[in-house]
2 protein chains.
Amino acid sequence: MSSTGLPQHISKQFDNELEYIRSRVLSMGGLVEKQLTDALSALMESDIELGSAVLDTEYEVNAMEVSIDEECTQILARRQPAAGDLRLITAVIKTITDLERIGDEAERIANMAIDLAEKQGPKSYYIDIGSMGNYVRNMVHGALDAFARMDSKAALEIAGRDPGADAQYGAIVRQLITYMMEDPKNITSAMDTVWSARAMERIGDHARNICEYVIYFVEGKDVRHISLEEMEKEVKG
Amino acid sequence: MSSTGLPQHISKQFDNELEYIRSRVLSMGGLVEKQLTDALSALMESDIELGSAVLDTEYEVNAMEVSIDEECTQILARRQPAAGDLRLITAVIKTITDLERIGDEAERIANMAIDLAEKQGPKSYYIDIGSMGNYVRNMVHGALDAFARMDSKAALEIAGRDPGADAQYGAIVRQLITYMMEDPKNITSAMDTVWSARAMERIGDHARNICEYVIYFVEGKDVRHISLEEMEKEVKG
């Protein structure tokens, strides 16, 4: 095994192909991370221009998903990979789907940022949403980092943060509902904020999914739909 | 090609394996369709017991996803499929992810049904949500039917219904916001209904995704992220 956890092959060309696929996933991840960072800044700073810029990168992310997917299919057909190589390819196919959906959610946040900036309503509840945004952005960064190093322990740690995102989401929605009840004039802008929080909660789920694929690749165990405690046993066992 | 559009192999055993995978996807689809039907009934009829029954089948759906995925990986490793066979396997791997997520959304609707039944608020806006529920359930049924027959024209027709689901969703949310503004006492039950409508809108997206995988298998073209007009050219061209 190399330092990245990827197996070395007799065919140097095959190694290069796998390494290339891996680097493409990380480029796509970088692009999606930037979308998310910009969408959050647009939201917090009511920056309509930055929000629009996020929407403009959708095509690029989609094109990367389709082309990496196609490259994976070609490797499956041409190299007929087995064991760890096959797990890597299936992990990549799934990871890019979740990355593309993180991009979709970032675009939803950007849309809400534009909508909210135009409304110019009160933003007293923004502190929590900003903090939740940073929380899930760190999860995405950590998941991509675990993928880059194929580090199942790091992936486990990041996956374990998902309940924290869910809890923040629940608290924010309750707070927003109270806010709507206090003054019905707040309803439309509070609803936009609800959608942003929902998008962040989903981003946490997608980051956790990516961590599960890393664990699947490294440990050879499918850890979806099991508790974090059970997942911990698979990684440490 | 057989009547299902699946290629025939010299190895009868391989044919059987592919046919088995296909039938397993359809069983999983049947289970998810039932979850959705029951969740919608629970919502419309305030049936807490039926709502709870939907939540109880989550494990079964998850287990099917994991086991079909594992069978696909084994076929990839053992049979080293190419061309149409490989497209079938990758289409199956993606289809079951979307089916599992349709199941997740059905569970969200079931949870909201339980919550709303306990609140016993006014339900004057239920006609539209019931009609949207039937609309997306028909999309799921149609997508599974297109998958069963590997019929790209049928898949195209079903995918074309997705904008209709999005439009219904937009109208329902606007109606619910008006309803919340009229009387803040309605906010919590209206929010539960918003979440149900959101879940339905996502179910429409997942049904469309499944149609795109059917088109990918039959036509050999990746039709994600393109307009319905472009998709039509790929299927009819």
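Rules used in this analysis
Residues numbered from 1 in each chain as written. Chains lettered and ligands numbered in written order. Predicted model: local features only at pLDDT ≥ 70, side-chain atom pairs only at ≥ 80, totals over all residues. Heavy atoms only, no water. Least-squares fit on C-alpha atoms with pLDDT ≥ 70 in both. Contact = heavy atoms within 4.5 Å. Salt bridge = Lys/Arg side-chain N within 4 Å of Asp/Glu carboxyl O. Helix = DSSP H or I, 4+ residues; strand = E, 2+ residues; numbered from the N terminus. Buried < 20%, exposed > 50% of the residue type's maximum accessible area, 1.4 Å probe, protein only.

Quick word on the relation of the copies chain A and chain B
Here comes step 1: At an RMSD of 0.0 Å, chain A and chain B line up after a rotation of 180° and a shift of 0.0 Å along the axis. Here the transformation between the copies is reduced to the relation of a two-fold axis. Proximity to the rotation axis, assessed at the C-alpha, singles out Gln80 of chain A in chain A; its C-alpha lies 2.8 Å from the axis.
Here comes step 2: Both copies present the same face, since 100% of the interface residues in chain A are matched by interface residues at the equivalent positions in chain B.

A look at the pattern of salt bridges
Here comes step 1: If you walk through the whole model with that rule in mind, you get 44 salt bridges over all chains.
Here comes step 2: The partner of Asp192 of chain A in a salt bridge is Lys119 of chain A, and the shortest N-O contact between them spans 2.9 Å. You can see Asp192 of chain A sitting in helix α8 (residues 187-219) and its partner Lys119 of chain A sitting in helix α4 (residues 83-119), a full 73 residues away along the chain.
Here comes step 3: A residue is classified by how much of its surface remains accessible, and Asp192 of chain A, at 7% relative accessible area, is buried.
Here comes step 4: Note on Lys119 of chain A: relative accessible area 36%, which makes it partly exposed.
Here comes step 5: Arg202 of chain A is the partner of Glu105 of chain B in a salt bridge, and the nearest nitrogen-oxygen pair spans 3.4 Å. With Glu105 of chain B in helix α4 (residues 83-119) and Arg202 of chain A in helix α8, this residue pair bridges two chains.

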